[in-house]
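As a plain string of letters, each chain reads:
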Amino acid sequence: MTGSEYAKADCHPGLKLIVDHLAVPPASRGESAYRFQPELLALARYPNVAVKATGQPGYAEDAYPFRSFHQHLHRVFDAFGPDRMFWGTDITRMPCSWRQCVTVFTEELPWLKGRDLDLVMGEALCSWVGWPLPG
C-alpha cells in the first residue's frame, strides 16, 4: 500500500490500519532501510493508523543492542505514541536470540520506560485489535 493509499485513511476513520516493520522494505539493511520513514511519520496524523516495530534487528548492520535503529524507533514513537506503536518480532529471520529481540526494547531504549513500555510491548496492540488483556 502506498502513502497515497494510506492517505485515504481519513475517508474510513473506523478502519484500523497497522503498518508493519516500520515500513521497512523486505531485505533492506542499514540506514537505507528507513528511507520511507518520512512517509511513515506523515501517517501519524491519522488516528486510525498504527505501526508495528517488527523485525528491527534484522535490518541492522550492527550487533546487539543494535544502536543503529534506536533513533528511528524514537522518531516513530514520538510521532505515533505508545498507544499506536507496537513491538513485534519476526524471530525466524532475526540475527539474534528471542531474548535480545525483547531486551533491545525493554532494556536498551532509555526513553521507553514505565507505562509507555507496557503499552508498546503488548497492551496497546491488544487494545487496538480488541483482545482482552490477560488476567
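All values reported here derive from a predicted model rather than from experimental measurement.

Student: Mind showing me how you'd approach the side chain of His70 here?
Tutor: Along the chain, His70 falls in helix H3 (residues 70-80). Assessed through its relative accessible area of 10%, His70 is described here as buried. There is a polar contact of 2.7 Å between the side chain of His70 and the backbone oxygen of Pro65. At 3.4 Å, the side chain of His70 forms a polar contact with the backbone oxygen of Phe66.

Student: I'm lost on unusual backbone geometry in this one. Help?
Tutor: Peptide bonds are trans in most cases, and residues, glycine excluded, mostly fall at negative phi. Here the residue pair Tyr64 and Pro65 is connected by a cis peptide bond, since its omega of 15° sits within 30 degrees of zero. Tracing the backbone through its elements, the reader meets Pro65 in the loop between strand S2 (49-54) and H3. Not every positive phi belongs to a glycine, and His21 is a case in point at roughly 60°. Within the chain, Ala27 stands out as a residue other than glycine whose phi angle is a positive 65°. In this fold, Ala27 is placed in the loop between strand S1 (17-19) and helix H2 (37-42).

Student: Help me understand the environment of Ala124 in this model?
Tutor: Structurally, Ala124 can be placed in helix H5 (residues 114-129). Classification of Ala124 by relative accessible area gives buried; the value is 3%. Spatially, the C-alpha atom of Ala124 lies 26 Å from that of Arg35, the residues being 89 residues apart in sequence. For Ala124, the residues in contact, after removing those within four places along its chain, are Pro82, Asp83, Phe86 and Leu119.

The rules behind these values
- Residues numbered from 1 in each chain as written.
- Predicted model: local features only at pLDDT ≥ 70, side-chain atom pairs only at ≥ 80, totals over all residues.
- Heavy atoms only, no water.
- Helix = DSSP H or I, 4+ residues; strand = E, 2+ residues; numbered from the N terminus.
- Buried < 20%, exposed > 50% of the residue type's maximum accessible area, 1.4 Å probe, protein only.
- Polar contact = N/O pair within 3.5 Å; in protein donor to acceptor, adjacent residues only side chain to side chain.
- Contact = heavy atoms within 4.5 Å.

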